[in-house]
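# Architecture at a glance
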Amino acid sequence: MVEPEHTAGGKPSPSESVVRAMSESAARLGLKSEIVDLLRTSWREMRAQLPVRMDDGSLRIFEGYRVQHNGARGPYKGGVRFHPQAHIDEVRALAMLMTYKCAVMDLPFGGAKGGVMCDPTAMSVTELNRLTRAYTQHIHMMLGINRDIPAPDMGTNAQTMAWMMDAYGQLHGHTPGIVTGKPVELGGSFGREQATGRGVVACMREYAMREGVAPSDVRVAVQGYGNVGAWTCRLAAALGFRIVAVGDVKGAIVNDQGLDIAALDAWTKGRGSVAGFDGGQPLPVDALLGADCDYLVPAALGEVVTAENAHTINARAIIEGANHPTTPEADEILARRAVIVVPDIVVNAGGVTVSYFEWTQNIQQFRWDLDQVNAELEERMVLAFNTLTARAAHDGTRLRQAAFDLGLERVAQAIILRGFV
Ligand code: NAD
């Protein structure tokens, strides 16, 4: 059984929430209890001590994790998060979600996730380089182009992946396909950096089409202005959506006429935050989720929409850019309030989809151009969104339940075909 290490005040831990959703889905699908037992825990979990010499000469010990949840459908795949609150149970939950996300997107991968408990915003480039190498040296025996392929997530980026590729290459020989989300110069794919935001916006556009509303009539609030949040804002604004509120860890801005995203980009460059931008009025950071808007896109941390604040959400739809941003208790409250949640498993799958394209390009030693990457991504996102909505309508379930049903069904088929149960 999973140790409930991250449980606070009697609430389920992140991994317990995912296990609960999976178990409910297994009951709907009538799966054998042995399959539930296999998926309740991880295949393999690594917790590593990472000693790093800091620039001031002191030695700091960081803690790092890599969790491989299930590999029935292919090599493990999942990002690496650098965050002060990174925790083994959260990493475990995110690895589980990757298993179902890859299955829903029909990618030939299993689910994994990594994390290091650190504050990358308070570390120098040289310290981050040393920490990334220490982490890679600890987990390298779990990795492999046909075993486990990491990617960026919160607090990590293409540079982090370049260091990981280099550290792995020193031990195993040059292996570009060992990580995805690399710089293009080192074998990264065109379009990977913007891929998650592009997928979020594809889902937002399809959802608006289903509602029969024009993008210019949709007011969007976005929490987080990092990779996912900023690209969501840029690409959504380019389609005509009105981005009326944006917030990050340091500040939030609101403008009901729509924020000028190009000007916001110019402001955040070098500052790293939207705080202080004069193209709107300042908003308290914790008021962003309750901003007056039509669609809310959480694109920062997990578990931000909770039982405590679900009543204050003004949006009629939540498009989940972040991983696991809504707790199960909040899901119930939102459903009672008829707030539609378009789930993370599909919405933010653009990143892993283009990671899959990058991996295949590395294996073939061949590069696709940007138009091909974007066109293939678009096709897969629309297919996944339509499959999801059709399944929910057919079964009379919510979208999140339909996403779990689709993903779990495919994972279960792979487990059975391999002869595990
Ligand atoms: P990032 O590090 O680039 O950006 C994170 C953003 O969140 C920053 O703007 C930060 O200021 C903000 N933030 C952090 N704590 C906050 C808080 N307490 N309140 C408000 N804002 C806060 O990270 P990212 O890569 O954009 O990832 C964001 C989310 O999307 C994560 O949940 C991640 O797991 C998920 N995701 C990312 C990718 C990807 O390709 N990068 C793919 C799938 C899912």
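Presented here is a report on the structure given in the accompanying data block. (Residues numbered from 1 in each chain as written. Predicted model: local features only at pLDDT ≥ 70, side-chain atom pairs only at ≥ 80, totals over all residues. Heavy atoms only, no water.)

## Quick look at the site of the ligand
As a reminder of what qualifies: Nearness is judged by heavy atoms alone; a residue qualifies as near a molecule or strand once a single heavy atom is within 4 Å of it. Polar contacts, as used here, are pairs of N or O atoms within 3.5 Å; protein pairs need one atom able to donate a hydrogen and one able to accept it. Residues neighboring in sequence count only if both atoms are side-chain atoms. Working definition of accessibility: Shrake-Rupley area with a 1.4 Å probe, residue cover restricted to the visible protein chains. A run of H or I in DSSP counts as a helix once it spans at least four residues, and a run of E counts as a strand once it spans at least two, with each numbered from the N terminus. Any residue outside Ala, Val, Leu, Ile, Met, Phe, Trp, Tyr, Cys, Pro, Asp, Glu, Lys and Arg is labelled polar, Gly included; the first ten of those are nonpolar and the last four are charged. Domains are outlined according to an automatic or database domain assignment.
Contacts to the ligand come from 21 residues, most closely from Arg 81, Asp 153, Thr 196, Ala 300 and Asn 323. Take Arg 192: an N or O atom from its side chain is 3.4 Å from an oxygen atom of the ligand. Tyr 225 is positioned such that a nitrogen or oxygen atom in its backbone is 2.9 Å from an oxygen atom of the ligand. When isolated, the ligand has an accessible area of 830 Å², and the protein chains bury 84% of it. Secondary-structure elements contributing two or more residues to the shell around the ligand are helix H6 (192–211) and helix H7 (227–239). Its residues placed into classes, the shell around the ligand shows eight nonpolar, nine polar and four charged. Residues lining the shell around the ligand come from more than one domain, with at least three contributed by each of domain 1 (8–175) and domain 2 (195–347).

## Considering the nonpolar core
Test applied: Buried Ala, Val, Leu, Ile, Met, Phe, Trp, Tyr and Cys residues that are joined via side-chain atoms within 4.5 Å together make up what is termed a nonpolar core. A 1.4 Å probe rolled over the protein chains alone gives each residue an accessible area, and that area as a share of the maximum for its type sets the label: buried under 20%, exposed over 50%, partly exposed in between. It only takes one pair of heavy atoms within 4.5 Å for two residues to be counted as in contact.
Tyr 100, Val 220 and Tyr 295 are the most contacted members of the largest nonpolar core, which totals 82 residues. Here this core gets 10 residues from one element, more than from any other, and that element is helix H13 (residues 399–418). Here this core gathers at least three residues from each of two domains, domain 1 (8–175) and domain 2 (195–347). With near-sequence residues (within four places) excluded, Val 220 lies in contact with Met 204, Phe 241, Arg 242, Ile 243, Val 244, Ala 245, Cys 293, Tyr 295 and Val 297. Counting 25 residues, the second-largest nonpolar core is a separate cluster that includes Val 80, Leu 143, Met 165 and Val 179.

## Considerations on the pattern of salt bridges
Basically, it comes down to this: Whenever Lys or Arg places a side-chain nitrogen within 4 Å of a carboxyl oxygen from Asp or Glu, that contact is recorded as a salt bridge.
Enumeration over the complete set of coordinates arrives at 28 salt bridges. For Asp 89, the salt bridge identified is with Arg 92, shortest N-O distance 3.0 Å. Of this pair, Asp 89 and Arg 92 both sit in helix H3 (residues 88–104), three residues apart, roughly one helical turn. You can call Asp 89 buried: its relative accessible area is 0%.

## Comments concerning the sheet that holds strand S8 (residues 252–254)
Hydrogen bonds between backbone atoms are what pair the strands of a sheet, whose relative direction is either parallel or antiparallel. Note the threshold: Think of it this way: DSSP has to see at least two bridges between two strands before they count as a pair. Note on geometry: axes are lines fitted to C-alpha atoms, helical ones only across the stretch in contact, with angles between N-to-C directions running from 0 to 180 degrees.
The seven strands are arranged S9-S8-S7-S6-S10-S11-S12 in an open sheet whose pairing can be described as mixed. Each end of this open sheet is capped by a strand with a single partner; those strands are strand S9 (281–283) and strand S12 (340–342). Each adjacent strand pair in this sheet contributes to an overall mean axis angle of 25°, direction not counted. Pairing analysis gives two bridges linking strand S10 (residues 295–298) to strand S11 (residues 317–319), with the strands arranged parallel. Opposite Tyr 295, over in S11, you have Ala 317 as the bridge partner.

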